[in-house]
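Below, each chain spelled out in residue letters.
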Amino acid sequence: MAVALVLLSWHGDLTALGIVSGVFLLWFAAALGWTYADGDEGRHALQRAYNLTFGWGDGF
């Protein structure tokens, strides 16, 4: 994801940069809400949300 964001900013396409960043931010927020609803709290909830966002399913 970092490579994609750097390439988008390097080419000056700020609209696409905002859209891609926003999608990942919303996905992370949804995953964090899901982990809290599952009963996880604190650091473990953040780790699961990170895995769900960037690990594509390793947080189950």
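Just above sits the structure.
Every value quoted in this text rests on a predicted model; they were computed, and no experiment measured them.

**Student:** Explanation requested: the packing of aromatic side chains in the structure shown.
**Tutor:** For any pair of aromatic rings, geometry is given as the distance between the ring centres together with the angle between the planes. Applying the stated criterion across every chain, the model contains 2 aromatic pairs. Geometrically, the ring pair formed by Phe 24 and Phe 54 is stacked, given 5.9 Å between the ring centres and 10 degrees between the ring planes. Of this pair, Phe 24 sits in helix α2 (residues 14-37) while Phe 54 sits in helix α3 (residues 42-54), and the two are 30 residues apart along the sequence. Overall, the relative accessible area of 22% leaves Phe 24 in the partly exposed class. Looking at Phe 54, the relative accessible area reads 30%, which means it is partly exposed. Considering the side-chain rings of Tyr 50 and Phe 54, the 5.0 Å spacing of their centres and the 45 degrees angle between planes classify their relative orientation as tilted. On the criterion of helical spacing, the pair formed by Tyr 50 and Phe 54 is a turn pair, its members being 4 residues apart in helix α3. By the ring-pair criterion, three or more aromatic residues cluster together here, those being Phe 24, Tyr 50 and Phe 54.

**Student:** Help me understand the packing of helix α1 (residues 2-10) against α2, please; the structure alone is not making it clear to me.
**Tutor:** The packing of two helices is summarised by the inter-axis angle and the distance between the axes. As a packed pair, α1 and α2 sit with axes 8 Å apart at the nearest point and diverge in direction by 160 degrees. The orientation of α1 with respect to α2, classified from their angle, is roughly antiparallel. The element α1 and its partner α2 pack so that their crossing is left-handed. For the pair formed by α1 and α2, the contact residues are Leu 5, Leu 8 and Ser 9 on the first element and Ala 16, Leu 17, Val 20 and Ser 21 on the second.

**Student:** Whenever I open this one, the side chain of Asp 40 confuses me. Can you help?
**Tutor:** By secondary structure assignment, the location of Asp 40 is in the loop between α2 and α3. Assessed through its relative accessible area of 15%, Asp 40 is described here as buried. Looking at Asp 40, its side chain comes within polar contact range of the side chain of Arg 48, at 2.6 Å. Apart from the residues lying within four places of it in its own chain, the contact partners of Asp 40 are Thr 35, Ala 45 and Arg 48.

What counts as what
Residues numbered from 1 in each chain as written. Predicted model: local features only at pLDDT ≥ 70, side-chain atom pairs only at ≥ 80, totals over all residues. Heavy atoms only, no water. Phe/Tyr/Trp six-rings, centres within 6.5 Å; stacked < 30°, edge-to-face > 60°. Helix = DSSP H or I, 4+ residues; strand = E, 2+ residues; numbered from the N terminus. Buried < 20%, exposed > 50% of the residue type's maximum accessible area, 1.4 Å probe, protein only. Axes fitted to C-alpha atoms, helices over the stretch in contact; angles between N-to-C directions. Parallel < 35°, antiparallel > 145°, perpendicular 65-115°, else oblique. Left-handed = near helix turned anticlockwise from the far one by under 90°. Contact = heavy atoms within 4.5 Å. Polar contact = N/O pair within 3.5 Å; in protein donor to acceptor, adjacent residues only side chain to side chain.

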